[in-house]
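Read off the chains here:
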Amino acid sequence: MSEDHHNPTPPSPIEQRVAALEELLTERGYVPEGFIEDVNRAYENDIGPMNGAKVVARAWTDPEYKARLLTDGTAAIAELGFGGPEGHYMKVVENTADVHNVVVCTLCSCYPWPVLGLPPKWYKDAPYRSRMVREPRALLAEMGCPLDDDVEIRVWDSSADARYLVLPARPGGTEGLSEDELVGLVTRDSMIGVARL
Ligand code: FE
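Residues numbered from 1 in each chain as written. Predicted model: local features only at pLDDT ≥ 70, side-chain atom pairs only at ≥ 80, totals over all residues. Heavy atoms only, no water.

Asker: Which parts of the structure should I look at to understand the confidence of the model for the protein chain?
Answerer: Parts of the model with low pLDDT should not have their predicted coordinates read in detail. For the protein chain, per-residue confidence averages 89 on the pLDDT scale, and residues scoring 70 or more make up 93% of the total. Taken together, the stretch residues 1-5 has pLDDT below 50 and engages in 1 contact with residues farther than four places along the chain or on a different chain. (pLDDT = per-residue confidence, 0-100. Contact = heavy atoms within 4.5 Å.)

Asker: Got a minute to help me understand the packing of aromatic side chains in this structure?
Answerer: Two numbers describe a pair of aromatic rings. These are the distance of the centres and the angle of the planes. Per the counting criterion, the structure on display carries 5 aromatic pairs. Where W156 meets Y164, the ring centres are 5.1 Å apart and the plane angle is 35°; that geometry is what we call tilted. The class for Y164 is buried, based on a relative accessible area of 12%. Lying across the ring of Y65, R58 places its NZ or CZ 5.9 Å from the centre. (Phe/Tyr/Trp six-rings, centres within 6.5 Å; stacked < 30°, edge-to-face > 60°. Buried < 20%, exposed > 50% of the residue type's maximum accessible area, 1.4 Å probe, protein only. Lys NZ or Arg CZ within 6 Å of the ring centre and 35° of its normal.)

Asker: So what exactly am I meant to see when it comes to the coordination of the iron ion here?
Answerer: Taken together, C105 (SG), C108 (SG), C110 (N) and C110 (SG) make up the protein donors of the iron ion, found 2.1 to 2.6 Å from the metal. Taken together, the 4 donor atoms coordinating the iron ion and their angles of 80 to 132° define a geometry best described as irregular. Sequence spacing of the donors to the iron ion: C-x2-C-x1-C. By the burial criterion, C105 is buried, and C110 matches it. (Donors = N, O, S within 2.8 Å, 3.2 Å for Na, K, Ca; no water. Tetrahedral: all angles 85-135°; square planar, octahedral: opposite > 155°, others 65-115°.)

Asker: Looking at this model, I keep getting lost on unusual backbone geometry. Mind explaining?
Answerer: Glycine aside, a negative phi is what most residues show, and trans is what most peptide bonds show. Unlike most non-glycine residues, E86 shows phi in positive territory, near 65°. Note on placement: E86 falls in the loop between α5 (73-79) and β1 (90-94). (Helix = DSSP H or I, 4+ residues; strand = E, 2+ residues; numbered from the N terminus.)

Asker: So what exactly am I meant to see when it comes to helix α8 (residues 126-134) here?
Answerer: Along an α-helix, a turn takes 3.6 residues, which lines up residues three or four apart on a common side. The set of residues buried in α8 consists of Y128, R129, R131 and M132. Buried-residue contacts for α8 involve β2 (99-104), α7 (121-124), α9 (136-142), β3 (152-157) and α11 (188-192).

Asker: Explanation requested: the pattern of salt bridges in the structure shown.
Answerer: For side chains of opposite charge, pairing can occur when their charged atoms come near one another. Inspection of every chain in the model, using the stated rule, returns 9 salt bridges. A salt bridge links R131 to E142; the shortest N-O distance between them is 2.7 Å. Here R131 is found in helix α8, whereas its partner E142 is found in helix α9, with 11 residues between them in sequence. Taking relative accessible area as the criterion, R131 reaches 17% and is therefore assigned buried. Residue classification places E142 among the exposed positions, given a relative accessible area of 56%. Each of R131, E135 and E142 takes part in salt bridges that share partners, so that together they form one network. (Salt bridge = Lys/Arg side-chain N within 4 Å of Asp/Glu carboxyl O.)

Next up, the structure:
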């Protein structure tokens, strides 16, 4: 491969390998033309925390939906059209005044893609993965989520088999808001459990 001196940022070795692999797979007919671009676009535009926020807002406004969500997360999330890779078994855990749930993957970076998109960098970093298990209260406080000592913290370790979504407590003073307005209040971090609303 010849060097391109006009390009100030040539592709990194990993980017070159990915491009070569993509070309090979497409050539051999393993993936349809344009498939990989479509997947990338989906994760940039269509699949992200806005999906989880819709699930949360529905649960806040529809008690029967919330009951289904807490019983069978995968099925209730599929009712809103979300599912697929990295979300085949979803468990939803509810935050209350007394219980705070937080999600980690101690082994690697398992994360509920269909409802939250791709994980933030810190979620994949070793300090988060080890400290959230060892000292969740201290780490949550450092991350801007201090909890009273009488709030029980439950740490959920994601795996290839189960992905977790935190159902944040509905903030006070939001009784008059519509479901659509509530969607706008729900943050990614509150659904991982490193923030409260
Ligand atoms: Fe993992």
